[in-house]
Amino acid sequence: MKVAEAVGRALYAAGVGQVFGVVGSGNFHLTNAMVAAGSRFVAARHEGGAATMADAYARMSGTVAALSVHQGPGLTNAMTGIAEAAKSRTPLLVLAAEVTEPRSNFYVDQEALARSVGAVSTRVTSAEDAVTEALDAVRRAVCERRTVLLNLPLGVQALDVPDARDDASTLAVVPPERAPVEPEFADAEALARVLEKSRRPVFVAGRGARSPGARDALLALAERHGALLATSAVARGLFHGDPWSLDVSGGFASPLAAELIQQADLIVGWGCALNMWTMRHGRLIGPDTTVVQVDDDTSALGAHREVHLGVTGDVELTARRALETHDANRQALQGEQARQGQQGQEARQGFRTADIGAAIAARVRRRDVPYDDTSTRERIDPRTLSIALDDILPAERVIGVDSGNFMGYPSMYLSVPDENGLCFTQAFQSIGLGLATAIGAALARPDRLPVAALGDGGAMMGAAEFDTVRRLGLPMVVVVYNDDAYGAEVHHFGPDGHPLETVEFPPTDIAAVARGYGFEAVTVRTRADLKAVEDWLAGPRSAPLLVDAKVVADRGAWWLEEAFRGH
């Protein structure tokens with residue numbers, strides 16, 4: 001058995017069941033070996049799209065995914081998607097063929113490429129150790145929550161594996177999942193004490209809290225202490241349906257949510273970086289607010305801002321330990337009060353008053369914020385478009401969003417059913433990833449209607465993957481917020497009188513482009529044009545649908561001012 005086949009079989013046996021990529025001569029045998037063993041392979045039209053599909057699939061499925069690419073240019077084509085995955089700490093395995101002869105046309109320093117974007121680089125070095133080295137790469141991706149590049153030199157791939165063994169005999173080195181980190185008892189006690197002192201606490205949950213167990217633990221702890229609930233953008237939907245949820249904290253937040261977070265005397269970040277986006281460059285933190293951060297990676301604590309207490313621990317375990325400590329202390333207090341004939345202490349109201357509850361119900365959603373509709377007969381206001389789509393599209397949806405001026409509208413005006421309803425690939429802030437993001441998310445969540453929300457710039461960058469949507473038969477709705485420009489730059493530089501010819505474009509019929517790939521398509525200029533979306537939803541959905549929405553371009557999105565403060 002050749003190394004390529006042995007490694008492919010071992011990777012599948014280790015749980016790598018989904019592979020994305022573009023196959024060339026260097027990764028042909030390895031990819032086919034994985035498929036023969038049982039992995040599903042999705043062929044993208046560009047390695048950049050394949051990388052982002054794999055990233056999104058891993059995020060939304062909770063499993064490690066693989067990207068298979070050719071040596072040299074196959075890897076360089078994929079680097080933007082790999083950078084996004086690495087910055088997001090996505091458990092992703094990049095399988096890259098490699099040439100080691102510097103005179104080869106395909107030669108690049110692949111190890112240096114990985115390091116430059118924050119990925120881990122490793123290599124298969126011999127036939128004897130190939131399987132063990134490949135499985136160690138899987139282990140690192142899973143246990144360290146990292147994007148790992150496994151270089152596979154062409155010469156080594158072609159060697160015979162001596163004394164071919166049952167691949168299962170080596171799988172003990174690969175745990176099925178990352179073990180949860182138990183918080184120190186003293187840290188859990190300290191957190192409980194801080195919560196006891198608080199009268200206006202707010203919990204902000206991030207990527208590290210995206211699980212049903214973490215959600216339930218945080219809901220119970222928040223109820224005990226009267227805390228309001230918010231998330232970072234990547235965890236949006238975690239508290240969907242809870243009457244004390246403020247939705248998203250940060251630049252996307254509604255005015256009411258921002259106002260209430262600023263009034264908090266305690267902010268606890270649960271698996272959340274509390275970075276400039278989530279905290280609006282610190283302006284959501286009051287001058288006397290206590291800041292606590294809980295994360296299972298010690299290096300993350302205080303990385304973006306000073307915290308008064310940092311707790312290393314799994315979100316669910318830490319919340320449950322704090323809850324147990326609170327309940328034990330309360331029982332002890334009640335016992336002492338009973339002995340002294342005093343009345344027991346009631347559960348704390350905290351931020352959970354009738355007035356605040358009524359305000360949240362009426363005004364916390366972005367779509368409930370009043371606005372002047374600037375739609376014309378030729379162009380539709382993106383807020384009007386997004387609210388209408390929120391009403392039309394089924395509630396069970398999974399949304400992939402690209403980057404750009406438009407991105408806040410689908411991210412905040414389209415509701416999601418839970419933490420698996422929005423795939424937000426924005427750690428690298430690259431445009432052009434949205435369509436591939438939606439493809440990966442759709443494959444991970446086939447039970448939901450996939451929705452890709454793109455700007456016209458990102459749609460044109462990623463247009464090659466329209467073919468992948470059609471070929472896979474995905475019943476996807478692609479919404480293009482089309483202002484014929486790179487809108488963020490227009491609204492950032494235009495007010496200062498800078499020339500905008502470099503960031504504005506002649507009108508493009510993106511609906512016609514989509515039809516060429518086999519889509520159904522509609523051009524939307526007014527609310528009435530969305531009747532075609534309703535008709536598509538009522539029909540067989542045998543082809544994907546693209547909505548070329550000609551949106552007004554008279555103003556920048558509300559979050560742009562916040563975003564550009566970081567540049």
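No experiment lies behind these values; they were computed from the predicted model shown.

K.L.:
Before we go on, may I ask you to explain the sheet that holds strand 18 (residues 545-550) in this structure?
P.N.:
Think of a sheet as strands paired side by side through backbone hydrogen bonds, with each pair either parallel or antiparallel. Ordered in space as 14-13-15-16-18-17, the six strands form an open sheet in which the pairing is parallel. Two strands lie at the open edges of the sheet, namely strand 14 (422-423) and strand 17 (520-524), each paired on one side alone. Alignment of strand 17 against strand 18, held across five bridges, turns out to be parallel. Across the sheet, Ala521 pairs through a bridge with Leu546, a residue of strand 18. Strand contacts of helix 14 (residues 382-392): strand 13 (397-401), strand 16 (477-482), strand 17 and strand 18, with the helix running at about 165° to strand 16, the strand carrying the most contacts. Where helix 21 (residues 531-538) meets the sheet, it contacts strand 15 (449-455), strand 16, strand 17 and strand 18, and its direction lies at approximately 170° from that of strand 18.

K.L.:
Where do I start with the layout of surface pockets in this structure?
P.N.:
A probe matching the size of a water molecule, rolled over the atoms, marks out where space remains unfilled. Counted as a void, the second largest pocket has a volume near 490 Å³. Lining the second largest pocket are 31 residues, and of these Ser403, Gly404, Asn405, Ala488 and Glu489 sit closest to its centre. Mapped onto the lining of the second largest pocket, the elements with two or more residues apiece are helix 17 (456-461), helix 19 (487-493) and helix 22 (560-564). Its residues placed into classes, the lining of the second largest pocket shows 16 nonpolar, 10 polar and five charged.

K.L.:
Mind showing me how you'd approach the sheet that holds strand 5 (residues 120-123) here?
P.N.:
The strand order across the open sheet built from six strands is 2-1-3-4-6-5, with neighbouring strands paired in parallel fashion. Two strands in the sheet have a free side with no partner beyond their single neighbour: strand 2 (40-43) and strand 5. On average, adjacent strands in this sheet sit at an angle of 25° to one another, irrespective of strand direction. Examined bridge by bridge, strand 1 (residues 18-21) and strand 3 (residues 65-69) share three bridges and lie parallel to one another. Following the sheet pairing, Phe20 is matched in strand 3 by Leu67.

K.L.:
Just to check I follow, could you spell out the pairing of strand 8 (residues 228-231) for this structure?
P.N.:
Note on strand geometry: in a regular strand, side chains alternate between the two faces of the sheet. Here strand 8 shows no split at all, with Leu228 and Ala230 on one side and Leu229 and Thr231 on the other all buried. Note that strand 7 (residues 201-205) and strand 8 share four bridges and pair parallel. Paired with Phe203 across the strands is Leu229, a residue of strand 8. What joins strand 7 to strand 8 is helix 10 (residues 212-225), and the crossover it makes is right-handed. Sheet analysis places strand 8 next to strand 9 (residues 245-248), joined by two bridges and oriented parallel. Directly across from Leu229, in strand 9, lies its bridge partner Ser245.

K.L.:
Sorry if this is basic, but what is going on with the packing of helix 1 (residues 3-13) against helix 2 (residues 28-37) here?
P.N.:
Helix packing for two helices is described by the angle between their axes and how far apart those axes are. Close contact between helix 1 and helix 2 brings their axes to 8 Å; oriented N to C, the two are set at 40°. Classified by the interaxial angle, the pair formed by helix 1 and helix 2 is oblique. The crossing of helix 1 and helix 2 is right-handed. Residues Ala4, Glu5, Val7, Gly8, Arg9, Leu11 and Tyr12 of helix 1 pack against His29, Leu30, Ala33, Met34 and Ala37 of helix 2. Residues that form the contact of helix 1 with helix 2 fall into these classes: eight nonpolar, two polar and two charged.

K.L.:
Looking at this model, I keep getting lost on the pattern of salt bridges. Mind explaining?
P.N.:
Pairs can form between side chains of opposite charge whenever their charged atoms are close. Counted by the stated rule, this structure contains 34 salt bridges. Put simply, Asp136 and Arg139 hold a salt bridge, and the shortest N to O gap is 3.0 Å. Placement of the pair is Asp136 and Arg139 together in helix 7 (residues 130-143), with a separation of three residues, close to one helical turn. Classification of Arg139 as partly exposed rests on a relative accessible area of 25%. In this structure, the salt-bridge partner of Asp381 is Arg383, at a minimum N-O distance of 2.7 Å. Per residue, the accessibility class of Asp381 equals that of Arg383, and both read buried.

K.L.:
Is there a simple way to think about unusual backbone geometry in this case?
P.N.:
Phi at His281 is positive, roughly 55°, even though this residue is not glycine. Here His281 lies in the loop between strand 10 (266-270) and strand 11 (290-295). Accessibility expressed as a relative area gives 26% for His281, which makes it partly exposed.

K.L.:
What am I meant to see in helix 7 here?
P.N.:
Compared with an ideal rise of 1.5 Å per residue, which puts 14 residues at 20 Å, helix 7 spans 20 Å between its outermost C-alpha atoms and is within 8% of the ideal. Those residues of helix 7 that sit buried are Ala130, Val131, Glu133, Ala134, Leu135, Ala137, Val138, Ala141 and Val142. On its buried face, helix 7 sits against helix 1, strand 4 (92-98), strand 5 and strand 6 (147-153).

Parameters and conventions
Residues numbered from 1 in each chain as written. Predicted model: local features only at pLDDT ≥ 70, side-chain atom pairs only at ≥ 80, totals over all residues. Heavy atoms only, no water. Pairing = 2+ DSSP bridges. Helix = DSSP H or I, 4+ residues; strand = E, 2+ residues; numbered from the N terminus. Contact = heavy atoms within 4.5 Å. Axes fitted to C-alpha atoms, helices over the stretch in contact; angles between N-to-C directions. 1 Å grid on protein atoms, 1.4 Å probe; cavity = no way out; pocket = protein on both sides within 12 Å on 5 of 7 lines; lining within 4 Å. Points joined across faces, edges and corners; volume = space filled by probe spheres on them. Nonpolar A, V, L, I, M, F, W, Y, C, P; charged D, E, K, R; others polar. Buried < 20%, exposed > 50% of the residue type's maximum accessible area, 1.4 Å probe, protein only. Right-handed = clockwise from strand over helix to strand, strands pointing away. Parallel < 35°, antiparallel > 145°, perpendicular 65-115°, else oblique. Left-handed = near helix turned anticlockwise from the far one by under 90°. Salt bridge = Lys/Arg side-chain N within 4 Å of Asp/Glu carboxyl O. Expected span 1.5 Å × (residues − 1).

Fair warning: the whole summary comes from geometry, so function is off the table for now.
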